[in-house]
Amino acid sequence: MKTLILARHGHAASNVGDTVSGRPPGEGLSELGVAEGAALRAVLAADGIDLGVASELRRTQETLALALDGREVPTVVVPQLNEINFGSYEGGPLAAYREWAWSTAPDAECPGGGESRTAMASRVASALDWLLARPDDTILAVWHALPIRYVLEGAAGRPPPARIGTIPHADPYRLERPDVERAAEHLRAWVLAPRFADAAA
(Lines give C-alpha, C1' and ligand atoms only; values in the text may rest on other atoms or scores of the structure.)
Protein backbone atom coordinates (compact mmCIF):
# COMPACT_ATOMS: atom_id res chain seq x y z
CA MET A 1 0.00 0.00 0.00
CA LYS A 2 1.22 3.46 -0.91
CA THR A 3 -1.81 5.66 -0.18
CA LEU A 4 -4.71 5.21 2.22
CA ILE A 5 -7.85 7.28 1.75
CA LEU A 6 -9.97 7.29 4.91
CA ALA A 7 -13.59 8.36 4.91
CA ARG A 8 -16.27 8.16 7.55
CA HIS A 9 -19.51 6.54 6.41
CA GLY A 10 -22.34 8.72 5.20
CA HIS A 11 -25.09 9.97 7.51
CA ALA A 12 -26.98 6.97 8.86
CA ALA A 13 -30.35 6.36 10.45
CA SER A 14 -28.68 6.16 13.88
CA ASN A 15 -27.21 9.64 13.37
CA VAL A 16 -30.71 11.07 12.96
CA GLY A 17 -31.55 10.31 16.58
CA ASP A 18 -27.98 10.47 17.95
CA THR A 19 -28.19 6.86 19.09
CA VAL A 20 -25.33 4.41 19.62
CA SER A 21 -24.95 1.81 16.86
CA GLY A 22 -21.85 -0.36 16.87
CA ARG A 23 -23.26 -3.85 16.50
CA PRO A 24 -23.29 -5.31 12.96
CA PRO A 25 -25.14 -5.05 10.70
CA GLY A 26 -26.53 -1.79 12.10
CA GLU A 27 -28.65 0.71 10.25
CA GLY A 28 -28.16 1.75 6.65
CA LEU A 29 -27.72 5.23 5.24
CA SER A 30 -30.31 7.98 5.50
CA GLU A 31 -31.31 9.95 2.41
CA LEU A 32 -28.68 12.49 3.36
CA GLY A 33 -26.11 9.71 3.67
CA VAL A 34 -26.89 8.44 0.17
CA ALA A 35 -26.29 11.94 -1.18
CA GLU A 36 -23.02 12.16 0.78
CA GLY A 37 -21.86 8.84 -0.66
CA ALA A 38 -22.55 10.10 -4.18
CA ALA A 39 -20.68 13.33 -3.38
CA LEU A 40 -17.70 11.28 -2.18
CA ARG A 41 -17.69 9.47 -5.53
CA ALA A 42 -17.41 12.83 -7.30
CA VAL A 43 -14.60 14.00 -5.00
CA LEU A 44 -12.62 10.82 -5.67
CA ALA A 45 -13.29 10.76 -9.42
CA ALA A 46 -9.67 11.59 -10.29
CA ASP A 47 -8.17 9.10 -7.82
CA GLY A 48 -7.07 5.69 -8.98
CA ILE A 49 -8.41 3.33 -6.32
CA ASP A 50 -7.22 -0.27 -6.32
CA LEU A 51 -9.16 -1.65 -3.36
CA GLY A 52 -12.13 -0.62 -1.24
CA VAL A 53 -12.58 -1.81 2.34
CA ALA A 54 -15.41 -1.37 4.81
CA SER A 55 -16.43 -2.63 8.23
CA GLU A 56 -19.18 -5.16 8.90
CA LEU A 57 -21.69 -2.34 9.42
CA ARG A 58 -24.10 -1.59 6.60
CA ARG A 59 -23.53 2.14 6.62
CA THR A 60 -19.85 1.74 5.69
CA GLN A 61 -20.58 -0.84 2.99
CA GLU A 62 -23.33 1.28 1.45
CA THR A 63 -21.08 4.36 1.47
CA LEU A 64 -18.25 2.40 -0.15
CA ALA A 65 -20.56 1.07 -2.85
CA LEU A 66 -21.74 4.59 -3.66
CA ALA A 67 -18.20 5.97 -3.67
CA LEU A 68 -17.04 3.28 -6.10
CA ASP A 69 -20.17 3.17 -8.25
CA GLY A 70 -19.22 2.79 -11.90
CA ARG A 71 -15.74 1.40 -11.18
CA GLU A 72 -14.53 -2.16 -11.27
CA VAL A 73 -12.75 -2.10 -7.93
CA PRO A 74 -12.60 -5.13 -5.61
CA THR A 75 -14.00 -4.63 -2.12
CA VAL A 76 -13.36 -6.41 1.16
CA VAL A 77 -15.25 -6.37 4.47
CA VAL A 78 -12.74 -6.20 7.33
CA PRO A 79 -14.09 -6.85 10.87
CA GLN A 80 -11.09 -5.05 12.38
CA LEU A 81 -12.54 -1.84 10.93
CA ASN A 82 -15.71 -2.19 13.02
CA GLU A 83 -16.99 0.54 15.28
CA ILE A 84 -16.01 0.30 18.94
CA ASN A 85 -18.15 -2.13 20.94
CA PHE A 86 -20.40 0.11 23.02
CA GLY A 87 -21.50 -2.62 25.44
CA SER A 88 -24.63 -1.75 27.41
CA TYR A 89 -24.83 1.65 25.70
CA GLU A 90 -25.73 -0.01 22.38
CA GLY A 91 -29.00 1.37 21.04
CA GLY A 92 -29.15 4.12 23.66
CA PRO A 93 -28.45 7.84 23.42
CA LEU A 94 -24.96 8.79 22.25
CA ALA A 95 -24.85 11.45 24.97
CA ALA A 96 -24.92 8.75 27.68
CA TYR A 97 -21.95 6.93 26.17
CA ARG A 98 -20.05 10.18 25.81
CA GLU A 99 -20.66 11.05 29.46
CA TRP A 100 -19.08 7.74 30.45
CA ALA A 101 -16.25 7.92 27.89
CA TRP A 102 -15.25 11.47 28.73
CA SER A 103 -14.93 10.71 32.44
CA THR A 104 -13.11 7.35 32.46
CA ALA A 105 -9.58 6.16 31.75
CA PRO A 106 -8.72 4.91 28.24
CA ASP A 107 -8.22 1.33 29.47
CA ALA A 108 -11.55 1.18 31.32
CA GLU A 109 -13.75 -1.55 29.88
CA CYS A 110 -17.08 -0.30 28.65
CA PRO A 111 -19.93 -1.59 30.86
CA GLY A 112 -21.83 -4.55 29.53
CA GLY A 113 -18.92 -6.28 27.84
CA GLY A 114 -17.92 -3.42 25.58
CA GLU A 115 -14.44 -2.40 24.47
CA SER A 116 -12.04 -0.07 26.19
CA ARG A 117 -10.52 2.65 24.04
CA THR A 118 -7.13 0.93 24.36
CA ALA A 119 -8.59 -2.35 23.09
CA MET A 120 -10.04 -0.53 20.11
CA ALA A 121 -6.73 1.25 19.47
CA SER A 122 -4.92 -2.09 19.45
CA ARG A 123 -7.44 -3.45 16.96
CA VAL A 124 -7.07 -0.35 14.79
CA ALA A 125 -3.27 -0.74 14.77
CA SER A 126 -3.71 -4.33 13.60
CA ALA A 127 -6.07 -3.15 10.86
CA LEU A 128 -3.46 -0.64 9.71
CA ASP A 129 -0.83 -3.40 9.61
CA TRP A 130 -3.17 -5.45 7.42
CA LEU A 131 -3.72 -2.51 5.07
CA LEU A 132 0.02 -1.76 4.89
CA ALA A 133 0.71 -5.35 3.86
CA ARG A 134 -1.75 -5.24 0.96
CA PRO A 135 -0.28 -5.19 -2.58
CA ASP A 136 -2.80 -2.52 -3.68
CA ASP A 137 -1.29 0.94 -4.26
CA THR A 138 -4.29 3.03 -3.23
CA ILE A 139 -6.93 1.83 -0.77
CA LEU A 140 -10.19 3.53 0.12
CA ALA A 141 -11.29 2.58 3.65
CA VAL A 142 -14.75 3.61 4.80
CA TRP A 143 -14.63 3.59 8.57
CA HIS A 144 -16.14 5.13 11.71
CA ALA A 145 -15.50 8.43 13.46
CA LEU A 146 -13.70 7.17 16.58
CA PRO A 147 -11.11 4.96 14.85
CA ILE A 148 -10.54 7.57 12.14
CA ARG A 149 -9.74 10.20 14.79
CA TYR A 150 -7.32 7.78 16.46
CA VAL A 151 -5.57 7.14 13.12
CA LEU A 152 -5.32 10.83 12.27
CA GLU A 153 -3.88 11.70 15.68
CA GLY A 154 -1.46 8.79 15.52
CA ALA A 155 -0.31 9.84 12.03
CA ALA A 156 0.44 13.29 13.47
CA GLY A 157 2.38 11.74 16.35
CA ARG A 158 -0.18 12.73 18.97
CA PRO A 159 -2.16 10.69 21.53
CA PRO A 160 -5.92 10.58 20.95
CA PRO A 161 -8.22 12.89 22.93
CA ALA A 162 -11.13 11.65 25.02
CA ARG A 163 -13.38 14.09 23.15
CA ILE A 164 -12.68 13.31 19.53
CA GLY A 165 -14.47 16.27 17.97
CA THR A 166 -16.31 16.08 14.68
CA ILE A 167 -15.30 13.81 11.81
CA PRO A 168 -17.51 14.90 8.89
CA HIS A 169 -19.48 12.26 7.05
CA ALA A 170 -17.98 11.03 3.76
CA ASP A 171 -15.06 13.49 3.68
CA PRO A 172 -11.79 11.90 2.50
CA TYR A 173 -8.50 12.05 4.39
CA ARG A 174 -5.42 11.05 2.39
CA LEU A 175 -2.52 9.42 4.20
CA GLU A 176 0.70 8.25 2.58
CA ARG A 177 2.43 5.06 3.66
CA PRO A 178 4.79 6.74 6.19
CA ASP A 179 1.76 8.40 7.83
CA VAL A 180 -0.01 5.07 8.21
CA GLU A 181 3.12 3.40 9.57
CA ARG A 182 3.50 6.23 12.10
CA ALA A 183 -0.14 5.92 13.14
CA ALA A 184 0.17 2.18 13.78
CA GLU A 185 3.40 2.66 15.74
CA HIS A 186 2.01 5.48 17.89
CA LEU A 187 -1.22 3.62 18.64
CA ARG A 188 0.67 0.53 19.78
CA ALA A 189 2.89 2.69 22.01
CA TRP A 190 -0.13 4.54 23.40
CA VAL A 191 -1.84 1.28 24.36
CA LEU A 192 1.13 0.47 26.61
CA ALA A 193 0.95 3.83 28.43
CA PRO A 194 -2.51 5.26 27.70
CA ARG A 195 -3.34 8.86 28.52
CA PHE A 196 -5.73 11.08 26.63
CA ALA A 197 -4.34 14.22 25.03
CA ASP A 198 -7.00 16.32 26.77
CA ALA A 199 -6.68 14.61 30.18
CA ALA A 200 -6.41 16.88 33.21
CA ALA A 201 -2.86 17.30 34.52
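See the structure printed just above.
Residues numbered from 1 in each chain as written. Predicted model: local features only at pLDDT ≥ 70, side-chain atom pairs only at ≥ 80, totals over all residues. Heavy atoms only, no water.

> Before we go on, may I ask you to explain the environment of Gly10 in this structure?
Mapped onto the fold, Gly10 is located in the loop between β1 (3-8) and α1 (13-16). Owing to a relative accessible area of 0%, Gly10 belongs among the buried residues under this scheme. Separated by 52 residues in the primary sequence, Gly10 and Glu62 have C-alpha atoms spaced 8.4 Å apart. Setting aside anything within four residues of it in sequence, one finds Gly10 in contact with Asn15, Leu29, Gly33, Glu36, Thr63, His169 and Ala170. (Helix = DSSP H or I, 4+ residues; strand = E, 2+ residues; numbered from the N terminus. Buried < 20%, exposed > 50% of the residue type's maximum accessible area, 1.4 Å probe, protein only. Contact = heavy atoms within 4.5 Å.)

> What's the story with helix α3 (residues 58-67) in this structure? I'm lost.
In an α-helix there are 3.6 residues to a turn, and that puts residues three or four apart on one side. Regarding α3, the residues found buried are Arg59, Thr60, Thr63, Leu64 and Ala67. The arc that holds every buried residue of α3, seen down its axis, measures 130°, which confines them to one face. Buried-residue contacts for α3 involve β1, α1, α2 (31-43), β2 (51-54), β3 (75-77) and β4 (138-143). (Arc of directions from axis to C-beta.)

> Looking at this structure, I do not really get the pattern of salt bridges. What am I missing?
Note that side chains of opposite charge can pair when their charged atoms are close. Tallied over the full model, the rule gives ten salt bridges. Residue Arg58 is joined to Glu62 by a salt bridge in which the shortest nitrogen-to-oxygen separation is 3.1 Å. Here Arg58 pairs with Glu62, and both are found in helix α3, just four residues apart, close to one helical turn. Residue Arg58 is classed as partly exposed on the basis of its relative accessible area, which comes to 40%. (Salt bridge = Lys/Arg side-chain N within 4 Å of Asp/Glu carboxyl O.)

> Is there a simple way to think about the packing of helix α6 (residues 145-155) against helix α7 (residues 177-192) in this case?
Pairs of packed helices are described in terms of their axes, by the angle between the two and the distance that separates them. It is at 7 Å that the axes of α6 and α7 come closest, and there the two elements cross at 100°. As far as their axial angle goes, α7 and α6 are roughly perpendicular. Contacts between α6 and α7 involve Tyr150, Val151, Gly154 and Ala155 from the former and Asp179, Arg182, Ala183, His186, Leu187 and Trp190 from the latter. Residue classes in the contact of α6 with α7 are distributed as six nonpolar, two polar and two charged. (Axes fitted to C-alpha atoms, helices over the stretch in contact; angles between N-to-C directions. Parallel < 35°, antiparallel > 145°, perpendicular 65-115°, else oblique. Nonpolar A, V, L, I, M, F, W, Y, C, P; charged D, E, K, R; others polar.)

> Can you walk me through the pairing of β2 in this structure?
Successive side chains on a regular strand alternate, one facing one side of the sheet and the next facing the other. Of the two faces of β2, the one carrying Leu51 and Val53 and the one carrying Gly52 and Ala54 are both buried. Bridge analysis of β2 against β4 gives four bridges, and the strand direction is parallel. Bridge assignment links Gly52 to a residue of β4, and that residue is Leu140. Two strands pair when backbone bridges link them, and β2 and β3 are joined in this way by three bridges, in the parallel orientation. Each bridged residue has a counterpart across the sheet, and for Ala54 the counterpart in β3 is Val77. (Pairing = 2+ DSSP bridges.)

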